[in-house]
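Fold and geometry: a report
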Amino acid sequence: MASHFRSTERQGSEDAALDAVSVPETAPQDELPTSEEVSAPAAADETPQAEEAAEAVHVVTASEPADSESQPATGGSVYASLAGDDAPAVQRTGTPTVSFKNVTLIYPAQPNKPALDDVSLDIYPGEFVFVVGHSGSGKSSLLRLITRELKASSGQVIVAGQDLTKMRNKKVPYLRRQIGTVYQDFKLLPDKTVYENVAFALECIGKPKSVVKAQVPEVLRLVGLAERMQHFPDQLSGGEQQRVSVARAMVNRPPLLVCDEPTGNLDPAISLGIMKLLDLINRAGTTVVMATHDREMVDSMRKRVIALEAGHVVRDQEKGGYGYYGAL
Ligand SMILES: Nc1ncnc2c1ncn2[C@@H]1O[C@H](COP(=O)(O)OP(=O)(O)OP(=O)(O)O)[C@@H](O)[C@H]1O
């Protein structure tokens, strides 16, 4: 396939144990953003061009009202500066990075209420996709199917050209090396320094010391934490801790980054810095799939939005807005 994914067939013997530190070996991306670009979340005061005319709804399957309710409230939004049109358009051709084909997920504890019900979608290399919806609509479940933390009850989940519903468990760690993951609660190891937390991700997959020494400082510079390498997580702010977890997810330059509410614990100004980082990582070629409740962010960014409701995709919209989901 055209993506940067490696085959899971050619793996070493090492076995990465922790999902949160699962990082891939991938083709290098040579245009990662600089720390200067990502470390200073400046206040954004520009208003983006109206983009409604350019919106292209390519799937609307159910009850979500027309997107008129979610027009961008970007004037004054701290995210407005990221909503420019200068990102290269993603060609939705070739092999999708992620493909769901009629996927249903039923948790044993809720046999009569599928968490996801007949979900089909394709995410192509280089896309940035927000996954939105009410609490309980299935966002985390969808992400956990991509990382094979969960296995679909029926249908196919294909990531990197591999059918995860058929993948043997012993191959899962190798899949996860190709997917960076960022969570709301950072999942940092409290007894390790910033440097050690990021290095650990590489050590887990058997990378030689020389690689660790080269790549860890580089990625910490990228996220603007070069000066904090020897700090412990509890000496950092929430935003800085999340930068560490982004660095850890990106240290081996995965082609796919899966983020579950990465800004959920952060205030808007700090979230902007994280969002800026993810946006620049995406512009350097990484596919990003991000579940979020952050209405302002989604409305401002005008990325592709997949909306879930009770396990169904009810909206899949290019340059979409958040939509009405009441109090979440
Ligand atoms: N481990 C589990 N066992 C049983 N049911 C579960 C489990 N995890 C999630 N569910 C159910 O699956 C549905 C989807 O949950 P999921 O966590 O994917 O939603 P979500 O949109 O991510 O919610 P939130 O925004 O609150 O994180 C919900 O009805 C939830 O109760």
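Residues numbered from 1 in each chain as written. Predicted model: local features only at pLDDT ≥ 70, side-chain atom pairs only at ≥ 80, totals over all residues. Heavy atoms only, no water.

Within the protein chain, the secondary structure is distributed over 8 helices and 11 strands. For the protein chain, the residues scored as buried account for 55% of the 328 residues in total. Sequence separation of 24 or more characterises 78% of the internal contacts of the protein chain that already satisfy a separation of 6 or more. (Helix = DSSP H or I, 4+ residues; strand = E, 2+ residues; numbered from the N terminus. Buried < 20%, exposed > 50% of the residue type's maximum accessible area, 1.4 Å probe, protein only. Contact = heavy atoms within 4.5 Å.)

Let's shift gears to empty space enclosed by the protein. Going through the model one piece at a time under the given rule, you end up with 2 cavities of 30 Å³ or more. Roughly 40 Å³ of volume is contained in the largest cavity. If you trace the largest cavity, you find it lined by Leu 143, Arg 144, Thr 147, Glu 149, Thr 181, Tyr 183, Val 258 and Asp 260. Counting residues per element, the ones that place at least two in the lining of the largest cavity are α2 (139-146), β7 (179-183) and β8 (256-260). (1 Å grid on protein atoms, 1.4 Å probe; cavity = no way out; pocket = protein on both sides within 12 Å on 5 of 7 lines; lining within 4 Å. Points joined across faces, edges and corners; volume = space filled by probe spheres on them.)

Below, the discussion takes up the site of the ligand. Surveying the vicinity of the ligand reveals 14 residues, the closest of which are Lys 113, Ser 135, Gly 136, Lys 139 and Ser 141. Here an oxygen atom of the ligand and a side-chain polar atom of Lys 139 are 2.7 Å apart. In the environment of the ligand, an oxygen atom lies 2.8 Å from a nitrogen or oxygen atom belonging to the backbone of Ser 140. Relative to its free-state accessible area of 630 Å², the ligand is covered by the protein chains to the extent of 67%. Among the residues forming the shell around the ligand, the class breakdown is 3 nonpolar, 9 polar and 2 charged. (Near = heavy atom within 4 Å. Polar contact = N/O pair within 3.5 Å; in protein donor to acceptor, adjacent residues only side chain to side chain. Areas by Shrake-Rupley, 256 points an atom, 1.4 Å probe, with all protein chains shown as cover. Nonpolar A, V, L, I, M, F, W, Y, C, P; charged D, E, K, R; others polar.)

Counting 47 residues, the largest nonpolar core has Phe 130, Val 216, Leu 220, Leu 257, Met 275 and Met 290 as the members making the most contacts within it. Non-local contacts of Leu 220, meaning those with residues more than four positions away in its chain, are made with Val 194, Tyr 195, Val 198, Leu 225, Ala 226, Met 229 and Ala 247. Core analysis: the next-biggest nonpolar cluster, separate from the first, contains 32 residues, Val 289, Ile 306, Leu 308 and Val 313 among them. (Core = buried A, V, L, I, M, F, W, Y, C linked by side-chain atoms within 4.5 Å.)

On to the packing of helix α6 (residues 238-250) against helix α7 (residues 268-283), then. At a minimum axis separation of 9 Å, α6 and α7 run at an interaxial angle of 15°. The angle between α6 and α7 places the two elements in the roughly parallel class. In this structure, α6 crosses over α7, and the sense of that crossing is right-handed. Residues Gly 239, Gln 242, Arg 243, Val 246 and Met 250 of α6 lie in contact with α7, whose contacting residues are Ile 270, Gly 273, Ile 274, Leu 277, Leu 278 and Ile 281. Across the contact of α6 with α7, the residue classes tally to 7 nonpolar, 3 polar and 1 charged. (Axes fitted to C-alpha atoms, helices over the stretch in contact; angles between N-to-C directions. Parallel < 35°, antiparallel > 145°, perpendicular 65-115°, else oblique. Left-handed = near helix turned anticlockwise from the far one by under 90°.)

Below, the discussion takes up the sheet that holds strand β2 (residues 98-105). The pairing of strands in a sheet comes from backbone hydrogen bonds and takes either a parallel or an antiparallel form. Read across the sheet, 4 strands follow the order β3-β2-β5-β6 without closing on themselves; strand pairing throughout is antiparallel. Each having just a single partner strand, β3 (116-123) and β6 (162-163) make up the two edges of the open sheet. As judged from the 5 bridges shared by β2 and β3, these two strands associate in the antiparallel manner. By the bridge assignment for β3, Val 98 is matched with Ile 123. Running over the sheet, α2 touches β2, β3 and β5 (154-159) and is turned about 120° from β2. (Pairing = 2+ DSSP bridges.)

Per the counting criterion, the structure on display carries 1 aromatic pair. Here the guanidinium or amino end of Lys 187 rests over the ring plane of Tyr 183, the centre of that ring lying 4.9 Å away. The ring centre of Phe 200 lies 4.9 Å from the NZ or CZ of Lys 192, which sits over that ring. (Phe/Tyr/Trp six-rings, centres within 6.5 Å; stacked < 30°, edge-to-face > 60°. Lys NZ or Arg CZ within 6 Å of the ring centre and 35° of its normal.)

The subject of this paragraph is the pattern of salt bridges. Following the criterion strictly, the structure yields 11 salt bridges and no others. Put simply, Lys 187 and Asp 185 hold a salt bridge, and the shortest N to O gap is 3.6 Å. A relative accessible area of 45% places Asp 185 in the partly exposed class. We note a salt bridge from Glu 218 to Arg 253, for which the minimum N-O separation is 2.1 Å. In this pair, Glu 218 sits in helix α5 (residues 209-222) while Arg 253 sits in the loop between α6 and β8, placing the two residues 35 residues apart along the sequence. Residue Glu 218 is classed as partly exposed on the basis of its relative accessible area, which comes to 34%. (Salt bridge = Lys/Arg side-chain N within 4 Å of Asp/Glu carboxyl O.)

For the protein chain, per-residue confidence averages 80 on the pLDDT scale, and 74% of positions sit at 70 or higher. Low pLDDT, under 50, characterises residues 6-74; the stretch is placed with 181 contacts to residues that sit more than four places away or in other chains. (pLDDT = per-residue confidence, 0-100.)

Inspection of the secondary structure assignment puts Leu 164 in the loop between β6 and α3 (172-176). Judged by relative accessible area, which is 1%, Leu 164 ranks as buried. Each C-alpha atom of the pair Leu 164 and Leu 150 lies 9.5 Å from the other, and the pair is 14 residues apart in sequence. Ignoring any residue separated from it by four or fewer positions in sequence, one finds Leu 164 in contact with Leu 145, Ile 146, Arg 148, Lys 151, Val 157, Val 159 and Leu 175.

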